[in-house]
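Next come the chains, spelled out residue by residue.
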Amino acid sequence: MDITKKIRMLFTVGAACLCVTAVTASTAYAATKDGNGVYSLSIYENDSYTKADVTGDGRPDKIETVVTGTNENRKAALKVNGKQLKTWTISKNNNSIILPSVHVVVISKKAAYLEITTEDYRSYKTACALYQVKKGKLRTVFDYKKIVNNKLLLDNDFVNKGYGYDMVTAAKVSKNTIHLNVSLGTKSLGHIRTEGLKLKYSKGKLTLQKDAGKVAKVSIIDDRGNSKVFTAAKKIQTVKAAGSSKKGIVIPKKTKFTAKKLAIAGKNIYVQVQTTAGKTGWISLSASAKPLVTTRSIVMWG
């Protein structure tokens, strides 16, 4: 994000804190490049992007976010070629309602998507998907929520009593591939974050690849602070590879191990682990509420 837009956004947020009720509604700014092929449109000020074809007619579309109201009562709308396709009530009576996020994901001149994510402050539900516009309406092309079995997640509905869990967003595009940032609140292993998962574009379709996302850092947060080491809460039978039925090493109860990679196969989540003795295997996460490790407040960065 360029420094000018940062200053504008900080001014807007600061004005909200001071109960200043000015929201710019007449001036439109250019979308910010978040990563190669990924452009964000602000929901704090009018924004636009005009170099992507999300309607599939072979011509660039005018994609806009339009902000109206005051900081205490703010609404945002998504427009494509002048037609309003979506509206959100961001705040009402100075209370936060929904936090939307709008990105344009550009694979090529012939393939582009609208990525819309929302966090509802009332229900704590999150939603995240890729869309295109067909016959003047948003059409879901790829629902991120469906990449995993939701029974593996806390509360079983992409829901967690805390923001930042259960969200998938595009980080960048390279060679017809969308690289994803993934954050999941799992039942058996805690909060997982990784950046290595990929969506491959081919012949108009998006397919989740089986490539494992590398995990660069793991933190287990407890009363003693951060740790990079898991402790098995019970005996864990691993498999030799993500999606495989062939048995791997057995991790005895109370054995310490670290996480190396994450993969999704058949909507199941697999984490490659390594013991202090250097042995590796893959853990298949469970839908059981019983944790696999002694502490579940875990954060994995890719």
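Whatever comes next refers back to the structure up there.
Caption draft 1: Focus on the sheet that holds strand β2 (residues 32–35). Spatially, the six strands line up as an open sheet ordered β2-β3-β10-β11-β12-β13, and their pairing is antiparallel. Looking at strand neighbours, the two that pair on one side only are β2 and β13 (137–143), the edges of this open sheet. Neighbour-to-neighbour, the strand axes of this sheet turn through a mean angle of 35 degrees, independent of strand direction.

Caption draft 2: Focus on the sheet that holds strand β16 (residues 190–202). Strand order in the open sheet formed by four strands is β14-β15-β16-β17, with antiparallel pairing between adjacent strands. Single-partner strands in this sheet number two, and they are β14 (167–174) and β17 (205–208). The average angle at which neighbouring strand axes cross in this sheet is 30 degrees, direction not considered. Where β16 lies against β17, four bridges are found, and the strand directions are antiparallel. From the neighbouring strand, tyrosine 201 faces β17, where its bridge partner is leucine 206.

Caption draft 3: Focus on unusual backbone geometry. For asparagine 94, which is not glycine, the phi torsion reads 70 degrees and is therefore positive. Looking at the secondary structure, you find asparagine 94 in the loop between β8 (91–92) and β9 (95–96). Under the relative-accessibility criterion, asparagine 94 is labelled partly exposed at 44%.

Caption draft 4: Quick look at the packing of aromatic side chains. Counted according to the given criterion, the structure contains three aromatic pairs. A ring pair is formed by tyrosine 39 and tyrosine 49, whose centres lie 4.5 Å apart and whose planes are at 25 degrees; its orientation type is stacked. Placement of the pair is tyrosine 39 in strand β3 (residues 38–41) and tyrosine 49 in strand β4 (residues 47–52), with a sequence separation of 10 residues. Both residues of the pair, tyrosine 39 and tyrosine 49, count as buried.

Rules and cut-offs
Residues numbered from 1 in each chain as written. Predicted model: local features only at pLDDT ≥ 70, side-chain atom pairs only at ≥ 80, totals over all residues. Heavy atoms only, no water. Pairing = 2+ DSSP bridges. Helix = DSSP H or I, 4+ residues; strand = E, 2+ residues; numbered from the N terminus. Axes fitted to C-alpha atoms, helices over the stretch in contact; angles between N-to-C directions. Buried < 20%, exposed > 50% of the residue type's maximum accessible area, 1.4 Å probe, protein only. Phe/Tyr/Trp six-rings, centres within 6.5 Å; stacked < 30°, edge-to-face > 60°.

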